[in-house]
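# Summary of the model geometry
Below are the chains, spelled out letter by letter.
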Amino acid sequence: MERSSERENIESAARARYNRDIQQERHALREALRSDLPDAHMGLGVTVIVLIVVATFSGPRWTLIIAGALSAWFLLALAVIHIGSGRGRDAVRRAYLATFGWGNWI
């Protein structure tokens, strides 16, 4: 009997260490991927500059294709966030962050 309770204690401690390690990894990943509005504004600014450069060198066709793809991405993010119970300004903010939040890596 002592062996089974000792084994359960060892398994319980190992499970607790595993869960703690997973939580720490997820927290670190969330912190690394977190972006705020200034980061999203930076991403939007870079996108506008790139669109101007593309329009200058290749004309309006590719500019409209890229702008359309970004608009579609924003609308898709907005729809997914809206379905997932995001409402109003918060949903728009989160979709904006999902679309242009990559600006924190510049």
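Along each chain, numbering runs from 1 in the same order as the chain's sequence is written. With pLDDT at 70 or above as the cut-off, local features in this predicted model cover only qualifying residues; side-chain atom pairs require 80 or more to be listed or tallied, and sums for whole chains, interfaces and linings still use all residues. Hydrogens and water molecules were not included; the side-chain quantities draw on all heavy atoms of the structure.

### Examining the packing of helix α2 (residues 37-58) against helix α4 (residues 88-100)
Every axis in this analysis is a line fitted to C-alpha atoms, fitted for helices over the stretch in contact. Angles between the N-to-C directions lie between 0 and 180 degrees. Segments assigned H or I by DSSP are reported as helices when at least four residues long, segments assigned E as strands when at least two residues long, and all are numbered from the N terminus. Interaxial distance between α2 and α4 falls to 8 Å at its minimum, and their mutual angle equals 55 degrees. Considering their axes alone, α2 and α4 lie oblique with respect to each other. Considering the relative orientation of α2 and α4, their crossing is left-handed. Where α2 abuts α4, its residues L37, D39, A40, H41, G43, L44 and T47 lie against R93, Y96, L97 and F100. An angle below 35 degrees is read as roughly parallel, one above 145 as roughly antiparallel, one from 65 to 115 as roughly perpendicular, and any other as oblique. By convention the crossing between two helices is left-handed if the near helix lies anticlockwise of the far one by an angle smaller than a right angle, and right-handed if it lies clockwise. Contact between two residues is taken to exist if any of their heavy atoms lie within 4.5 Å; hydrogens are not considered.

### Remarks on α2
Structurally, the α-helix is built with 3.6 residues per turn, so residues lying three or four positions apart point the same way. Here α2 contains 22 residues, and its C-alpha end-to-end distance of 31 Å stays within 8% of the 32 Å for a straight helix at 1.5 Å per residue. We call a residue buried when its accessible area falls under 20% of the maximum for its residue type, exposed when it is over 50%, and partly exposed in between, using a 1.4 Å probe and counting protein chains only. Those residues of α2 not exposed but buried are A40, G43, T47, L51 and V54. End-on, the buried residues of α2 take up no more than an arc of 75 degrees, which puts them together on one face. α2 presents P38, I49, I52, T56 and F57 as exposed residues on the side facing more than 90 degrees away from its buried surface. In a helix, the anticipated span is given by 1.5 Å times the number of residues less one. As used here, the arc belongs to the directions running from the helix axis to the C-beta atoms.

### Looking at the side chain of T63
As for its placement among the helices and strands, T63 is situated in helix α3 (residues 60-83). Within polar-contact distance, the side chain of T63 engages the backbone oxygen of G59 at 3.1 Å. Aside from chain neighbours lying at most four places away, what touches T63 is L51, V54 and A55. For this analysis, a polar contact is any N or O atom pair within 3.5 Å, provided that within protein one partner can donate a hydrogen and the other can accept it, and provided that sequence-adjacent residues contribute only side-chain to side-chain pairs.

Any link to function would need more than the numbers given here.
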